[in-house]
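# Summary of the model geometry
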Amino acid sequence: MNFPQVRLRRLRSSSALRELLQETRLTTNDLIYPLFVQPGTGRKDPVSSMPGVFRYSQDLLIKEVEEAHELGIRAVLLFGIPEAKDEAATSAYDDNGIVQQAVRLLKKTFPELIVITDVCLCEYMSHGHCGVVRDGVIENDGTLPLLAQTALSHARAGADIVAPSDMMDGRVRAIREKLDYNGYPHVAILSYAAKFASAFYGPFREAADSAPAFGDRRTYQMNPANGREALREVLQDIAEGADMVMVKPALAYLDVIRAVREKVLCPLVAYNVSGEYSMIKAAAARGWIDERQVVMESLTGMKRAGADLIITYYAKDVASWLREG
Ligand code: PBG
């Protein structure tokens, strides 16, 4: 059969029909809310390149998480801004570090909240790279014990899921072994498996104060042009013990999300990164686009591509828009 018998507009003729036949649905259960925690009290410092995003001290972090929790958001992803940085990222694996303290407080206050921690060294290294630097080179194997120690200290603090974002080879295995040998076999690993060397992370580096002091991250993060290699990264991390995998960024990589979805069975997470957020904020502030509609369309596209969960700075807005209906 063909036109005029086939008329695809027939099923779009009322909003009830469109609702009934909608293939992809974004829900509050799909959202992970990323948050920045810093030392001090009474602090809520705006990130200038990300309007609406703040760096919270623990007391105000609790208030922000309480609001998110009341909106139905089940999971948060924590990033720490430490007091001090050095060449060994010491405060990353300090059991009394900023993330470790915040995790303990969050799990005590909201026991059923899923707390995910970003496991990376860049915020804690004086040079801002994600690994140990020797003679200007970012070392792989020398970095693994530090990452594993960081993940273990997050687990000890009560993290439900640890999320390594450094892109060193072998880190998932190193973290899995460390957790298992130390009594944390139940803590899950969400691997930033296909993480591209992206200019879309620009605003995050202001938020987390983690820009590299020299060079860039292209010897460890992936070349944005490589889709097949992304699948190798994903398969490798699953083989090493990742429970969930991530593609990051999201919007310019929807084909990668789709390819991963078709290849693997584990849960798949998309990271709607800082630059994607800030572009929408900037255009909306000028009245050039409708913020709510553009956000909902973008996140629905990520789900349609195959993502199960989405990490987004828009999590609270989305949850309240969904509640309004
Ligand atoms: C840490 C890390 C980064 C992001 C998440 N974890 C920055 C980077 O790799 O430079 C980016 C998040 C965002 O842009 O929203 N390695």
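Figured I'd write up the structure that's included with this text. Computed from a predicted structure; not experimentally measured.

The local shell around the ligand holds 18 residues, among which Lys195, Arg205, Lys248, Ser274 and Tyr313 are the closest. Lys195 is positioned with one of its side-chain polar atoms (N or O) 2.7 Å from an oxygen atom of the ligand. Here an oxygen atom of the ligand and a side-chain polar atom of Arg205 are 2.7 Å apart. Burial of the ligand by the protein amounts to 100% of the accessible area it has alone, namely 400 Å².

In this section: the pattern of salt bridges. Oppositely charged side chains may form a pair once their charged atoms are brought near each other. Overall, the coordinates contain 19 salt bridges when judged by the stated rule. The closest approach of N and O atoms between Glu64 and Lys316, which form a salt bridge, is 3.0 Å. One end of the pair, Glu64, is in helix α2 (residues 58-70); the other, Lys316, is in helix α11 (residues 315-324), with 252 residues separating them in the sequence. In this structure, Glu64 and Lys316 share a single accessibility class: buried. A salt bridge links Glu324 to Arg292, with the shortest nitrogen-to-oxygen separation between them at 3.0 Å. Taken together, the residues Glu324 in helix α11 and Arg292 in helix α10 (residues 291-305) connect sequence positions 32 residues apart. Note on Glu324: relative accessible area 56%, which makes it exposed.

To continue, consider the packing of aromatic side chains. Where two aromatic rings form a pair, the distance of their centres and the angle of their planes describe that pair. If you walk through the whole model with that rule in mind, you get 11 aromatic pairs. Note on Phe196 and Tyr253: the rings are 4.3 Å apart at their centroids and 20° apart in plane angle, and the pair reads as stacked. A residue pair is termed long-range when its members are at least 10 positions apart, and Phe196 in the loop between β9 (188-195) and α6 (202-208) and Tyr253 in the loop between β10 (244-248) and α8 (254-263) qualify at 57 residues. In this structure, Phe196 and Tyr253 share a single accessibility class: buried. Ring centres of Tyr277 and Tyr313 lie 5.8 Å apart, and the angle between their planes is 65°; on these two criteria the pair is classed as edge-to-face. Remark: Tyr313 occurs in the loop between β12 (309-312) and α11 and Tyr277 occurs in helix α9 (residues 274-285); sequence separation between them is 36 residues. Judged by relative accessible area, which is 2%, Tyr277 ranks as buried. Ring-pair connections join several aromatic residues into one group, and the members of that group are Phe36, Phe79, Tyr192, Phe204, Tyr271, Tyr277, Tyr313, Tyr314 and Trp321.

Take helix α3 (residues 98-109) next. What sets the pattern is the α-helix's 3.6 residues per turn: residues three or four places apart point alike. For α3, spanning 12 residues, the distance from its first C-alpha to its last is 16 Å, which sits close to the expected 16 Å at 1.5 Å a residue. Where α3 is concerned, the buried positions are Ile98, Val99, Gln100, Ala102, Val103, Leu106 and Lys107. Here the buried face of α3 lies against β1 (31-38), α2, β4 (75-80), β5 (114-119) and α4 (144-157).

Taken N-terminus to C-terminus, the directions of α3 and α4 make an angle of 25°; their axes are 8 Å apart at the nearest point. One way to sum up the angle between α3 and α4 is to call them roughly parallel. Between α3 and α4 lies a crossing whose hand is right-handed. The segment α3 lies against α4, with Val99, Gln100, Val103 and Arg104 engaging Ser153, His154 and Ala157. Of the residues in the contact of α3 with α4, the class split is 3 nonpolar, 3 polar and 1 charged.

Let us look at unusual backbone geometry. Peptide bonds are, in most cases, trans, and in most cases residues other than glycine have a negative phi. Note that the residue after Phe3, namely Pro4, is joined by a cis bond; omega there is 15°. Relative to the assigned elements, Pro4 resides in the segment before α1 (15-20). Look at the link from Lys248 to Pro249: it is a cis peptide, with omega at -5°. By the secondary structure assignment, Pro249 is in the loop between β10 and α8.

About the thresholds
Residues numbered from 1 in each chain as written. Predicted model: local features only at pLDDT ≥ 70, side-chain atom pairs only at ≥ 80, totals over all residues. Heavy atoms only, no water. Near = heavy atom within 4 Å. Polar contact = N/O pair within 3.5 Å; in protein donor to acceptor, adjacent residues only side chain to side chain. Areas by Shrake-Rupley, 256 points an atom, 1.4 Å probe, with all protein chains shown as cover. Salt bridge = Lys/Arg side-chain N within 4 Å of Asp/Glu carboxyl O. Helix = DSSP H or I, 4+ residues; strand = E, 2+ residues; numbered from the N terminus. Buried < 20%, exposed > 50% of the residue type's maximum accessible area, 1.4 Å probe, protein only. Phe/Tyr/Trp six-rings, centres within 6.5 Å; stacked < 30°, edge-to-face > 60°. Expected span 1.5 Å × (residues − 1). Contact = heavy atoms within 4.5 Å. Axes fitted to C-alpha atoms, helices over the stretch in contact; angles between N-to-C directions. Parallel < 35°, antiparallel > 145°, perpendicular 65-115°, else oblique. Left-handed = near helix turned anticlockwise from the far one by under 90°. Nonpolar A, V, L, I, M, F, W, Y, C, P; charged D, E, K, R; others polar.

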